[in-house]
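Observations on the three-dimensional arrangement
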Amino acid sequence: MALRFEASYPEGLCPGWSVIVKGETSSNANMFEINFLCNAGDQIAFHFNPRFSDSRIVCNSFLSNRWGPEEVTDTFPLKEKEPFQIEIYSDPDYFHVSIDENKILQYKHRQKQLSAITKLQVVKDVRISSMEITKRGLY
Ligand code: GAL
């Protein structure tokens, strides 16, 4: 697994926080992942996985040692070798994901305790130019 970026937030994610990832996909991009990890074990509260091969974005959680049901988009606003901005904003109920300022999906929290989400990770075919966490407040 090609790790591109990892950051720890020991106090955990809070509702109203927003993560903005800016980067560029590689020329022969196959897929990349943005993972919101929990402090305990290998749990993934939110796995955001654009797959270029079939132009789909697969979202899921890896909790209790297994993947849950996938939530898949039929819009795919990413292109190979193009810059992008992905914003993942969390309110008490959902992650809201926008690409280049267009909302593309929301994902209902399966890991309900947001403060247990303490690590952010980006892996595979992508170059990250910046990663920013901001408290936007709820809206
Ligand atoms: C699997 C894949 C995992 C993850 C999961 C999401 O097929 O191996 O990396 O993307 O799907 O449901």
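In case you missed it, the structure is sitting above this.
This report concerns the structure included in the present document. Model, not experiment: these values are computed from the prediction.

On to the sheet that holds strand β8 (residues 83-90). Reading across the sheet, the five strands line up as β10-β9-β8-β2-β12 and stay open at both edges, with antiparallel pairing between neighbours. Each edge of the open sheet carries a strand with a single partner, namely β10 (102-108) and β12 (126-135). Ignoring which end each strand starts from, the neighbouring axes of this sheet average 20° apart. As paired elements, strand β2 (residues 17-25) and β8 share seven bridges and run antiparallel to each other. Within the sheet, the bridge partner assigned to Ser18 lies in β8 and is Tyr89.

Right, let's get into the packing of aromatic side chains. Counted under the stated rule, the structure contains nine aromatic pairs. Centre to centre, the rings of Phe46 and Phe48 are 6.3 Å apart; their planes meet at 55°, and the pair counts as tilted. Phe48 carries the same exposure label as Phe46, and that label is buried. Geometrically, the ring pair formed by Phe62 and Trp67 is edge-to-face, given 5.1 Å between the ring centres and 70° between the ring planes. In this structure an aromatic cluster arises from ring pairing among Phe36, Phe46, Phe48, Phe95 and Tyr107. Over the ring of Tyr94 we find Lys108; its NZ or CZ atom is 5.2 Å from the centre of that ring. Positioned above the aromatic ring of Tyr89 is the side chain of Arg136, whose terminal nitrogen or guanidinium carbon lies 5.3 Å from the ring centre.

Looking at soluble globular proteins, one finds that nonpolar side chains tend to be buried together. Core analysis: the biggest nonpolar cluster contains 31 residues, and Ile34, Phe36, Phe46, Phe48, Ile86 and Leu105 have the highest contact counts within it. Sort the elements by how many residues they give to this core and strand β3 (residues 32-38) lands first, with four residues. Apart from residues lying up to four places away in sequence, Ile86 is in contact with Val19, Ile20, Val21, Phe32, Ile34, Phe48, Val97, Ser98 and Ile99.

This next bit is on the site of the ligand. Taken together, His47, Asn49, Arg51, Asn60, Trp67 and Glu70 make up the full set of residues near the ligand. One nitrogen or oxygen atom from the side chain of His47 is found 2.7 Å from an oxygen atom belonging to the ligand. In the model, an oxygen atom of the ligand is placed 2.6 Å from a nitrogen or oxygen of the Glu70 side chain. For the ligand, whose unbound accessible area comes to 310 Å², protein coverage reaches 62%. Of the residues forming the shell around the ligand, the biggest block, three residues, is contributed by strand β4 (residues 44-51). Its residues assigned to classes, the shell around the ligand shows one nonpolar, three polar and two charged.

What counts and how
- Residues numbered from 1 in each chain as written.
- Predicted model: local features only at pLDDT ≥ 70, side-chain atom pairs only at ≥ 80, totals over all residues.
- Heavy atoms only, no water.
- Pairing = 2+ DSSP bridges.
- Helix = DSSP H or I, 4+ residues; strand = E, 2+ residues; numbered from the N terminus.
- Axes fitted to C-alpha atoms, helices over the stretch in contact; angles between N-to-C directions.
- Phe/Tyr/Trp six-rings, centres within 6.5 Å; stacked < 30°, edge-to-face > 60°.
- Buried < 20%, exposed > 50% of the residue type's maximum accessible area, 1.4 Å probe, protein only.
- Lys NZ or Arg CZ within 6 Å of the ring centre and 35° of its normal.
- Core = buried A, V, L, I, M, F, W, Y, C linked by side-chain atoms within 4.5 Å.
- Contact = heavy atoms within 4.5 Å.
- Near = heavy atom within 4 Å.
- Polar contact = N/O pair within 3.5 Å; in protein donor to acceptor, adjacent residues only side chain to side chain.
- Areas by Shrake-Rupley, 256 points an atom, 1.4 Å probe, with all protein chains shown as cover.
- Nonpolar A, V, L, I, M, F, W, Y, C, P; charged D, E, K, R; others polar.

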